[in-house]
Amino acid sequence: MSLANRQAHDWQANGEARHVGVEIAGGVRLENVYVPAGGDVPDPALNPKFRHKLDFLEAMEAWFARMRGKRSNRMILVGDLNVAPLETDVWSHKQLLKVVSHTPAEVERFLRVQAAHDFIDVMRR
C-alpha cells in the first residue's frame, strides 16, 4: 500500500501533533488521532488535563467540520480516542458518568466530532 500526503496537525499549538494523516489507495485519507486521556478528575476547573482533553475534542470537531466540504473528504478515523460514548461501552453507565472517558462533557463533544464529518462507526454498523 502506498502512503502519500502525510500531514501532522498540532491543533493546540503546543508542540503535540496528536493527529497524523496520510492518503491511501483511492484518495481516501487515513486520519490517526490520539485524544489526550484527561487525567482522573472530570472537572476542567480543577484538572488542566481534563480541560486540555475537552479543548482537544473541540479542535478536532472544528478541523473535521472544515474538511467536510472539501473534494478529498473521504476519511477513515482511527486512533486512541479515549472516549467511551455509549452506555454499552462501559460496565456501568450510571457509575461511570463522573469518571473521565465517559462523562457527559466528553461524550457530547465526541458525538459532535462524529457528526462534524458524518463518520460512521463501522464496528457498530
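Residues numbered from 1 in each chain as written. Predicted model: local features only at pLDDT ≥ 70, side-chain atom pairs only at ≥ 80, totals over all residues. Heavy atoms only, no water.

Draft legend 1. Quick peek at the overall build of the protein. A tally of helices and strands in the protein yields two helices and four strands. Against the compact-globule benchmark of 14 Å for 125 residues, the protein has a radius of gyration of 15 Å, which places it among compact chains. Counting every position in the protein, which comprises 125 residues, the buried fraction comes to 34%. Across the protein, contacts joining residues at least 24 apart in sequence account for 51% of those joining residues at least 6 apart. Total accessible area on the protein stands at roughly 7,600 Å², and carbon and sulfur atoms take up 54% of it. Distance from the positive charge centre (17 side chains) to the negative charge centre (16 side chains) of the protein: 4 Å. (Helix = DSSP H or I, 4+ residues; strand = E, 2+ residues; numbered from the N terminus. Rg over C-alpha atoms; globule rule 2.2 N^0.38 Å. Buried < 20%, exposed > 50% of the residue type's maximum accessible area, 1.4 Å probe, protein only. Contact = heavy atoms within 4.5 Å. Areas by Shrake-Rupley, 256 points an atom, 1.4 Å probe, with all protein chains shown as cover. Lys, Arg positive; Asp, Glu negative; His and termini not counted. Charge placed at Lys NZ, Arg CZ, Asp CG, Glu CD.)

Draft legend 2. Just the sheet that holds strand E4 (residues 75–80), in detail. The four strands lie next to each other as E1-E2-E3-E4, forming an open sheet whose pairing is mixed. Since the sheet does not close on itself, it has two edges, and those belong to strand E1 (4–9) and E4, each with one partner. In this sheet, neighbouring strand axes are inclined to one another by 15° on average, regardless of whether the strands run parallel or antiparallel. In terms of strand pairing, strand E2 (residues 19–23) meets strand E3 (residues 29–34) through five bridges, oriented antiparallel. Bridge assignment links valine 20 to a residue of E3, and that residue is asparagine 32. (Pairing = 2+ DSSP bridges. Axes fitted to C-alpha atoms, helices over the stretch in contact; angles between N-to-C directions.)

Draft legend 3. Here's a closer look at the nonpolar core. Residues Trp11, Val33, Val35, Met60 and Phe64 are the most contacted members of the largest nonpolar core, which totals 16 residues. Of all the elements in the fold, those that place two or more residues in this core are helix H1 (48–68) and helix H2 (104–116). Element by element, the count of residues in this core is highest for H1, at six residues. Ignoring any residue separated from it by four or fewer positions in sequence, one finds methionine 60 in contact with Trp11, Val33, Val35, Leu77, Leu81 and Val113. (Core = buried A, V, L, I, M, F, W, Y, C linked by side-chain atoms within 4.5 Å.)

Draft legend 4. Expanded view of the pattern of salt bridges. On inspection of all chains with the given rule, the structure shows nine salt bridges. Note that aspartate 89 is salt-bridged to arginine 124, the shortest N-O span being 2.8 Å. In this pair, aspartate 89 is assigned in the loop between E4 and H2 and arginine 124 in the segment after H2, connecting sequence segments 35 residues apart. Look at arginine 124 and you get partly exposed, because its relative accessible area is 44%. For the salt bridge of arginine 124 with aspartate 121, the shortest nitrogen-to-oxygen distance reads 2.7 Å. What emerges from the salt-bridge pattern is a single network uniting Glu61, Glu108 and Arg112. (Salt bridge = Lys/Arg side-chain N within 4 Å of Asp/Glu carboxyl O.)

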